[in-house]
Amino acid sequence: MAEKNTPLINELLSQIGKHPEFETWRQKGKHPTGIVKELCEPLKIDPRFIGQPARFYTSATASVNYIYKSWFALMKRFQSQLDGKLRWLEMLNSDTELVEASGVSLDILQTKSAEILAQFAPQNPAKTQP
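What counts, and at which threshold
- In every chain, residue numbers begin from 1 and rise along the written sequence.
- With the structure being a predicted model, the display of local features is reserved for residues of pLDDT at least 70 and the display and counting of side-chain atom pairs for 80 or more, all residues being used for whole-chain, interface and lining totals.
- Side-chain measures here rest on the full set of heavy atoms in the structure, leaving out hydrogens and waters.
- Per the convention used, a helix needs a DSSP run of H or I reaching at least four residues, while a strand needs a run of E reaching at least two, with both numbered from the N terminus.
- Here the globule rule reads 2.2 Å times residues to the power 0.38, and the radius of gyration is calculated from C-alpha atoms.
- Each residue's exposure class comes from its accessible area (1.4 Å probe, protein chains only) as a fraction of the maximum for that residue type: buried when under 20%, exposed when over 50%, partly exposed otherwise.
- Throughout, a contact is declared for two residues whenever any of their heavy atoms are within 4.5 Å.
- Calculation of accessible area relied on Shrake-Rupley with a 1.4 Å probe; when residues are assessed, cover is drawn exclusively from the protein chains displayed.
- When charges are tallied, Lys and Arg are placed among the positive residues and Asp and Glu among the negative ones, while His and the ends of the chain are skipped.
- To locate a charge, take NZ of a lysine, CZ of an arginine, CG of an aspartate or CD of a glutamate.
- A patch is a set of surface residues, each over 30% in relative accessible area and not in a salt bridge, joined within 9 Å for like charges and within 5 Å for the nonpolar side chains Val, Leu, Ile, Met, Phe, Trp and Tyr.
- Salt bridges are counted wherever a side-chain nitrogen of Lys or Arg sits within 4 Å of a carboxyl oxygen of Asp or Glu.
- When two rings of Phe, Tyr or Trp (its six-membered ring) have centres within 6.5 Å they constitute a pair, described as stacked for plane angles under 30 degrees, edge-to-face for angles over 60, and tilted for the intermediate range.
- On a range of 0 to 100, pLDDT expresses the predictor's confidence in each residue.
- Working definition of a nonpolar core: buried Ala, Val, Leu, Ile, Met, Phe, Trp, Tyr and Cys residues. They are joined through side-chain atoms within 4.5 Å.

With respect to the overall build of the protein chain
Of the regular secondary structure elements, the protein chain holds seven helices and zero strands. Taken against the 2.2 N^0.38 rule, which gives 14 Å for 130 residues, the C-alpha radius of gyration of the protein chain at 28 Å runs more than 25% over that of a compact globule. Based on the C-alpha atoms only, the size of the protein chain along its principal axes is roughly 85 × 40 × 20 Å. The 130 residues of the protein chain split such that 20% are buried. Taking as baseline every contact in the protein chain between residues at least 6 positions apart, the subset at least 24 positions apart corresponds to 71%. As displayed, the protein chain has an accessible area near 9,800 Å², and 60% of this comes from carbon and sulfur atoms. Here the protein chain holds 16 positive side-chain charges and 14 negative ones, and the gap between their average locations is 12 Å.

Okay, structure coming up:
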């Protein structure tokens, strides 16, 4: 089994990776599961993989679907995390960018920021009680 089935799985993995729609699937986080079966059909008559029981082809198809389903889900999660971090970095501006965007000096910006932060800072309960 391993002599023919493992190379079949490797060939299917390779063909999925070279598929023209691969990047679209990566962005969506999933692939159409029927595509692996379609790619496996011509390989059934390939001399390298011919003569295997049908369950071996089914097993190879299921294995490749499982591998890529997991991989695409991970890549989508990583891409979402990266996009979130990039959005966060875009919000952070240097001092010169803040001065330029606001039209006021850096000292005024710092003073106003400190006032806003002081409004939301938790009060010390010992100081608030008479």
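Back to the write-up after that little detour.
Observations regarding a nonpolar patch on the surface
Together, Leu-82, Leu-86, Trp-88, Leu-89, Met-91 and Leu-92 make up an exposed nonpolar region whose accessible area comes to about 640 Å². Its location among the elements puts Leu-89 in helix H4 (residues 54-91). Overall, Leu-89 belongs to the exposed group, its relative accessible area being 54%.

What to know about the packing of aromatic side chains
Considering all chains together, one arrives at six aromatic pairs under this definition. Judged by centre distance (6.1 Å) and plane angle (80°), the rings of Phe-22 and Tyr-68 are edge-to-face. Taken together, the residues span a long stretch of sequence, with Phe-22 in helix H2 (residues 22-28) and Tyr-68 in helix H4 at a distance of 46 residues. Under the relative-accessibility criterion, Phe-22 is labelled buried at 15%.

Topic: the confidence of the model for the protein chain
The predicted model of the protein chain has a mean per-residue pLDDT of 88, with 94% of residues at 70 or higher. When pLDDT is averaged over each element of the protein chain, helix H3 (residues 34-43) comes out on top at 94 and helix H7 (residues 125-128) at the bottom at 58.

Digging into the pattern of salt bridges
Using the criterion set out here, one finds five salt bridges in the structure. Connected through salt bridges with shared partners, the residues Glu-11, Asp-46 and Arg-48 form a single ionic network.

Focus on the nonpolar core
In terms of nonpolar packing, the biggest core is built from 17 residues, with Leu-8, Leu-12, Ile-16 and Val-64 touching the most fellow members. Among the elements of the structure, helix H1 (2-17), H2, H3 and H4 are those that each provide at least two residues to this core. Excluding residues within four positions of it along the chain, Leu-8 makes contact with Leu-43, Phe-49, Gln-52, Tyr-57 and Ala-60.

A short note on the environment of Lys-37
With respect to the helices, strands and loops of the structure, Lys-37 is situated in helix H3. By relative accessible area, Lys-37 is classed as exposed at 53%. Sequence spacing of Lys-37 and Tyr-57 is 20 residues, and the spatial spacing of their C-alpha atoms is 8.8 Å.

Regarding the side chain of Asn-5
Mapped onto the secondary structure, Asn-5 falls in helix H1. Judged by its relative accessible area of 2%, Asn-5 is buried. Setting aside residues no more than four positions away along its own chain, Asn-5 makes contact with Gln-52, Phe-56, Ser-59 and Ala-60.

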